[in-house]
Amino acid sequence: MADNQSANIQALLSALNVFTRAPDKTSLENANSWLQDFQHSPEAWSTCNVLLLSPDAPPAAKLFAAQTFRSKVTYDLHQVDPSNLLPLRDTLVTALERYQSGPKTIITQLCLALSGLALQLPAWDNALQSIVETFGANPVTVPVLLQFLTILPEEVSGNTRIPVTDDEYRERSTKLLSDNSEQVLELLSMYLQATGVTHAVQSQIFDCLRSWLVAGEIDMPAFGKSPLLAFAFEALASEELFDSAVDVVCEMIHETQEIDDNMPVIELIVPRVIALKSQLEDKKDDPEKIRGYAKIFAEAGETYRLLILQHTDTFYPIVEAIGQCSAYPDLDIVPITFPFWMRLAQTIGKKTTISPLFGEAYKALMAVVIRHLHFPPDLASITGQEADNFRSFRHVMGDTLKDCCLVLGADACLLSAYGLITMALSRSPQSISWQEIEAPLFAMRSMGAEVDVMDETAVPKIMDLIPSLPIHPRVRYAALLIISRYTEWINRHPDYIAYQLQYISAGFEDPDSEVSAAAGQALKYLCQDCKQHLIEFLPTLHTFLTTTGAKLAQDDRRQVYEAIAYVISAMSMEKAAESLRTFSLDILSQIHAISSKTTAVTKQELKEVGYGLENLEVMLHVVGPFGDQLPAACQNSCQEAWSIFDTFISKFAFDYDTSERVTRVLRHGITLFGESALSVASSVLSRMVTSFEATGFSSFLWISGKFVGRFGHESDPVLRNAFQNIYERATNKVVSLLQSKDPRDIPDVLEDYVQLLLQLIRMAPDVFFQSSAFPLAFRATMAALTLIHSDLVFASLDLFRDILTHESLTPSSSPPPKFPIYSSAIKAVMEKEGFEFVGYLLSGLVGDFPEDSTAIVVTIFRAVALLWSTQLVAWLPPILQQLPPSSAPNQVKRQFLLDVTNSLNTAQYDKVKYSILALHRASRKARDRRRVTPLNQA
């Protein structure tokens, strides 16, 4: 035994030693895996005890031993004989005494282990008291006691991995925490007032108090009588204790949220909070102090907001203090106050009358927020990341402006922002900064969601103001986004449309790319929300595209096409078809021209055609289908368009981006033409499979699946042959790819291939099962189960479920004629591939299958158990042996085999469900455990 333990210690030290060097990745992974496996073993208890108490063990080994005790108390306490549980407690207490002077990391791990043990060990009746007696009398060991008392409520309340029932948890947590909270308060008060107490111990006392407050275990009336409350506020004057005191004050305020039950304590807290208001001026040059005070005031404001509204005279100083924090120039501190303003506004919104003081507070807040919205005078003075962070924060501030609207009314807020702009414009142009104009414009945009579309007061003034704004890219950008935001209002006031179109058109000509993009967005939303009013402007928009359109960046041009599509969608069917044809022909002519070109096509030319395809795609997406009966303008369009695309694809299929774009357009073509697309379906499928064979691009499989899904019910022999053709040729290509590439290299191909198979089995089972491609397709789909790719795994499992639960496998006295053929094909494949298939299934279940896939695995496994029970009994032992113990512990695998075998022998096939679920739970628990502690930090 001693020799074995010595060998374990040497192996453990060797594994830990790997982390002290600069090892290769494989060595690191092997060492980490060995250490984790060792942690799971029963031998780890005694080995780590020896290491922990050995004066000669290296520090890393001692820390690992302490971590292991914590881990094993959480997961493996069942390995310890019940008679040895109290001695285990004594071992941990002895170790804690040994390490009373540090290192702190080991003290923390031992306290975690003792806390977890206390929760699971009812025989340790006086757990907290015994630790107090052991460590509480000697000033040297008091820090260890305080660490334990800090960790105990955190571990008891927060470690959900500890295996106790709800009833056991309630009983033990009451015994450990609730029954001892008064004693803990007395103990902390005593230590706090002890002679010679250090700042370090006082800080620990506050951390411990905060931990018990957060756990909800402190009785607040009792706390109000404790000297701890007053001292927490007094400690705010201490440099060393400030942060800890802030946390405690915030938590004590939060714990008094049950107002009626805690009024005596609130009456003690509030005057002390209000007294801190003067510190905002005294400490204005210390951002960290202001941050702390902002947290306290914001917590008090949120917790006592009902009292603030009911007793405004008494509590309003808290609102004033929060307003001062909101106005502080450090924008990292300002958002601490925002939740208060939001919740107060929501509460005020439910009141019929409020003090006018709150209106003044929100007016001041609005002015403060707009001031914070100003960009720096010199944008070059901030880094790109700082600029991005500021832009993101502006949107957060925009939400606070909406809170102002809730209290003051949208009209008043908009007019206030409007007034800031008109005031600035009244000065000489040389004295106006663009920031003075842009910030109120941004505010108007942020408040747009609160605007009444029937407003006749504020919004008309804003719309009249826009054309007269200074010509500056940031100002124009902000103004264009206001148009985007107010398009629903413009729809009710169409007289403004012509002016807005002129302003938007000018935006497209601005050299600043962001302004041009904003113009595209404005046009899109204007056309989307005002489409009925814009029909008469469609010729103008077409002219704009044929002239200015070519100069636009593609993102902007695409938005213009999307905008036009919204207008087309508002037209009568015949006119919409004619307009769509007009705009589409521009793009199709471009495609035809490049396909007919006899000289080499440049990359730029192909790129421009790709842009055209994107624009056509977005138009078709917005316009949508015309219904079963196509308008006259579209009668022959399907064949005409396909003839152009067919030639184009035959020449340019090898360009990946082109293949992606053209197949997306074809997808919308199916939607647009509906049944009319049936006439070209066979030709499309033939071109798609030829292109896939030549390129291996998944998009050709993807669009093929869409065609099968749309027309799979058709009985046309030519089309059925086309289905079989693409099934067999695509399968051969995928098999060929899998022979030369790892499945991880072609997840997109596998996903679109499996989706094609799903369409075939559901829409054309005669093609799917009777083809010689079926066994190859089954095997190719098994390869997909090895990937960490949720969508692909789900699709593959869906396919296997459809195969193995197919109706043809259910005995019937009069089955449909082809069912015996289907059944025979499925059984033949399973006889050949069943062993490997079940291996992939269980490996994925305990490995990397998505969490939500378990139900499908259960269904598949039950089907296998029902139809191939004899084979399954033979398959399982070698399959389970191959599953790694790190994912499926050996005891779990043995139990799984026993449970499944019993279910099969007694023909209780439904019970295999519980076996699968138990295996899945155990594997997840094992994997979660390995994630808890990064051992390379030991």
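Residues numbered from 1 in each chain as written. Predicted model: local features only at pLDDT ≥ 70, side-chain atom pairs only at ≥ 80, totals over all residues. Heavy atoms only, no water.

1. Points about the overall build of the protein chain
Here is step 1 of the chain: A tally of helices and strands in the protein chain yields 48 helices and zero strands.
Here is step 2 of the chain: For the protein chain, the proportion of its 938 residues judged to be buried stands at 52%.
Here is step 3 of the chain: The contacts of the protein chain with a sequence gap of at least 6 include a subset with a gap of at least 24, amounting to 74%.
Here is step 4 of the chain: As displayed, the protein chain has an accessible area near 41,600 Å², and 51% of this comes from carbon and sulfur atoms.
Here is step 5 of the chain: Here the protein chain contributes 77 positive and 108 negative side-chain charges, whose respective centroids are spaced 5 Å apart. (Helix = DSSP H or I, 4+ residues; strand = E, 2+ residues; numbered from the N terminus. Buried < 20%, exposed > 50% of the residue type's maximum accessible area, 1.4 Å probe, protein only. Contact = heavy atoms within 4.5 Å. Areas by Shrake-Rupley, 256 points an atom, 1.4 Å probe, with all protein chains shown as cover. Lys, Arg positive; Asp, Glu negative; His and termini not counted. Charge placed at Lys NZ, Arg CZ, Asp CG, Glu CD.)

2. A word on the packing of aromatic side chains
Here is step 1 of the chain: Throughout the structure, instances matching the rule amount to 26 aromatic pairs.
Here is step 2 of the chain: Judged by centre distance (5.9 Å) and plane angle (25°), the ring pair of F206 and F231 falls under stacked. Of this pair, F206 sits in helix α11 (residues 199–214) while F231 sits in helix α13 (residues 227–234), and the two are 25 residues apart along the sequence.
Here is step 3 of the chain: Among the aromatic residues, those joined into a ring-pair cluster are Y727, F768, F769, F774, F778, F800, F819, Y822 and F837.
Here is step 4 of the chain: If you follow R476 out to its NZ or CZ, it ends over the ring of Y503, 5.8 Å from the centre.
Here is step 5 of the chain: The lysine or arginine in question, K524, covers the ring of Y525, its NZ or CZ lying 5.0 Å from the ring centre. (Phe/Tyr/Trp six-rings, centres within 6.5 Å; stacked < 30°, edge-to-face > 60°. Lys NZ or Arg CZ within 6 Å of the ring centre and 35° of its normal.)

3. Notes on the pattern of salt bridges
Here is step 1 of the chain: Under the counting rule described, the total for this entry stands at 38 salt bridges.
Here is step 2 of the chain: Residue E514 pairs with R474 through a salt bridge whose shortest N-O separation is 2.9 Å. Highlighted residues: E514 in helix α29 (residues 513–529) and R474 in helix α26 (residues 473–485), separated in sequence by 40 residues.
Here is step 3 of the chain: On the basis of relative accessibility, which here comes to 12%, the residue R474 falls in the buried class.
Here is step 4 of the chain: In this structure, the salt-bridge partner of D555 is R558, at a minimum N-O distance of 3.1 Å. (Salt bridge = Lys/Arg side-chain N within 4 Å of Asp/Glu carboxyl O.)

4. Regarding the packing of helix α42 (residues 774–784) against helix α43 (residues 790–804)
Here is step 1 of the chain: Contact pair α42 / α43: the axes reach a minimum separation of 9 Å and the direction vectors enclose 145°. For the crossing formed where α42 meets α43, the hand is left-handed. Contacts between α42 and α43 involve F774, F778, T781, M782 and A784 from the former and L792, V793, S796, L799, F800 and I803 from the latter.
Here is step 2 of the chain: Considering only residue class, the contact of α42 with α43 consists of nine nonpolar, two polar and no charged. (Axes fitted to C-alpha atoms, helices over the stretch in contact; angles between N-to-C directions. Left-handed = near helix turned anticlockwise from the far one by under 90°. Nonpolar A, V, L, I, M, F, W, Y, C, P; charged D, E, K, R; others polar.)

5. What to know about a negative patch on the surface
Here is step 1 of the chain: Together, E154, D207, D243 and D247 make up a negatively charged patch on the protein surface.
Here is step 2 of the chain: For D243, the location among the structural elements is in helix α14 (residues 242–254).
Here is step 3 of the chain: For D243, a relative accessible area of 55% translates into the label exposed. (Patch = residues over 30% accessible without salt bridge, like charges linked within 9 Å, V, L, I, M, F, W, Y side chains within 5 Å.)

6. Points about the nonpolar core
Here is step 1 of the chain: With 329 residues, the main nonpolar core has M252, F645, I803, F837, L842 and F861 as its most contacted residues.
Here is step 2 of the chain: The contacts of M252, once residues within four sequence positions are left out, are L213, M220, F223, L229, A232, F233 and I269. (Core = buried A, V, L, I, M, F, W, Y, C linked by side-chain atoms within 4.5 Å.)

7. Observations concerning empty space enclosed by the protein
Here is step 1 of the chain: Within this structure, the stated rule accounts for one cavity of 30 Å³ or more.
Here is step 2 of the chain: There is about 40 Å³ of room inside the largest cavity.
Here is step 3 of the chain: F648, I649, F652, A653, T658, S659, V662 and F700 are the residues that line the largest cavity.
Here is step 4 of the chain: Contributions of two or more residues to the lining of the largest cavity are made by α35 (637–652) and α36 (656–673). (1 Å grid on protein atoms, 1.4 Å probe; cavity = no way out; pocket = protein on both sides within 12 Å on 5 of 7 lines; lining within 4 Å. Points joined across faces, edges and corners; volume = space filled by probe spheres on them.)

8. Considering the layout of surface pockets
Here is step 1 of the chain: Its boundaries defined by the atoms lining it, the largest pocket holds a volume of some 650 Å³.
Here is step 2 of the chain: Taken together, 19 residues make up the lining of the largest pocket; nearest its centre are D76, H78, P889, V892 and R929.
Here is step 3 of the chain: Of all the secondary-structure elements, those providing two or more residues to the lining of the largest pocket are α2 (25–40), α47 (890–905) and α48 (912–932).
Here is step 4 of the chain: Broken down by element, the residue count for the lining of the largest pocket peaks at six residues, all from α48.
Here is step 5 of the chain: Within the lining of the largest pocket, the residues separate by chemical class into six nonpolar, six polar and seven charged.

9. Overview of the confidence of the model for the protein chain
Here is step 1 of the chain: On average, residues of the protein chain carry a pLDDT of 92, and 98% of them reach 70 or more.
Here is step 2 of the chain: Below a pLDDT of 50 lies the segment residues 933–938, which in the model reaches 15 contacts outside its immediate sequence neighbourhood of four places, other chains included. (pLDDT = per-residue confidence, 0-100.)

10. Brief notes about the packing of helix α38 (residues 699–711) against helix α39 (residues 717–740)
Here is step 1 of the chain: Two elements in contact, α38 and α39, have axes separated by 12 Å at closest approach and are oriented at 150°. The orientation of α38 relative to α39 falls into the category roughly antiparallel. α38 and α39 meet at a crossing whose hand is left-handed. Within the contact between the two elements, α38 uses L701, S704, V708 and F711 and α39 uses L719, F723, I726 and A730. (Parallel < 35°, antiparallel > 145°, perpendicular 65-115°, else oblique.)

11. Focus on unusual backbone geometry
Here is step 1 of the chain: Of note, the amide linkage connecting G102 to P103 takes the cis form, showing an omega dihedral of 0°.
Here is step 2 of the chain: With respect to the helices and strands, P103 occurs in the loop between α5 (85–98) and α6 (104–120).

12. Some thoughts on the environment of E302
Here is step 1 of the chain: Following the sequence through the fold, E302 ends up in helix α17 (residues 287–303).
Here is step 2 of the chain: Looking at E302, the relative accessible area reads 17%, which means it is buried.
Here is step 3 of the chain: Remark: the alpha-carbon pair of E302 and K25, spanning 277 residues in sequence, is separated by 50 Å.
Here is step 4 of the chain: When sequence neighbours within four positions are dropped, the list of residues in contact with E302 reads P339, F340 and R343.

13. Describing helix α7 (residues 127–135)
Here is step 1 of the chain: All of the buried residues in α7 are A127, L128, S130, I131, V132 and F135.
Here is step 2 of the chain: In the core, the buried residues of α7 are packed alongside α5, α6, α8 (142–158), α9 (166–176), α10 (181–192) and α11.

14. Notes on the side chain of K893
Here is step 1 of the chain: Looking at the secondary structure, you find K893 in helix α47.
Here is step 2 of the chain: Within the local environment of K893, its side chain forms a polar contact with the backbone oxygen of L883, the two atoms lying 2.6 Å apart.
Here is step 3 of the chain: When neighbours within four sequence positions are excluded, K893 is seen to be in contact with L880, Q881, L883, P885 and A888. (Polar contact = N/O pair within 3.5 Å; in protein donor to acceptor, adjacent residues only side chain to side chain.)

15. Focus: α2
Here is step 1 of the chain: An ideal rise of 1.5 Å per residue puts 22 Å on 16 residues; α2 measures up with 23 Å between its terminal C-alpha atoms.
Here is step 2 of the chain: If you check which residues of α2 are buried, you get A31, L35, Q36, F38, Q39 and H40. (Expected span 1.5 Å × (residues − 1).)

16. A word on the environment of R172
Here is step 1 of the chain: Position of R172 among the secondary structure elements: in helix α9.
Here is step 2 of the chain: Residue R172 is classed as buried on the basis of its relative accessible area, which comes to 5%.
Here is step 3 of the chain: Other than its neighbours up to four places away in sequence, R172 contacts A118, L119, L121, P122 and W124.
Here is step 4 of the chain: A polar side-chain atom of R172 sits 3.2 Å from the main-chain carbonyl oxygen of W124.

17. Side note on the side chain of S923
Here is step 1 of the chain: Inspection of the secondary structure assignment puts S923 in helix α48.
Here is step 2 of the chain: Residue S923 is classed as buried on the basis of its relative accessible area, which comes to 1%.
Here is step 3 of the chain: Leaving out residues up to four positions away in the same chain, S923 has contacts with L845, V846 and S887.

18. Some thoughts on the state of the cysteines
Formally, a disulfide is one covalent bond, and it connects the sulfur atom of one cysteine to the sulfur atom of another.
Here is step 1 of the chain: Using the criterion set out here, one finds zero disulfides in the structure.
Here is step 2 of the chain: Counting only cysteine sulfurs, C111 is the nearest neighbor of C208, a cysteine outside any disulfide, at a range of 11 Å.
Here is step 3 of the chain: Free of any disulfide, C325 has its nearest neighbouring cysteine sulfur in C250, separated by 11 Å.
Here is step 4 of the chain: Take C325: its relative accessible area is 1%, and that puts it in the buried class. (Disulfide = S-S within 2.5 Å.)

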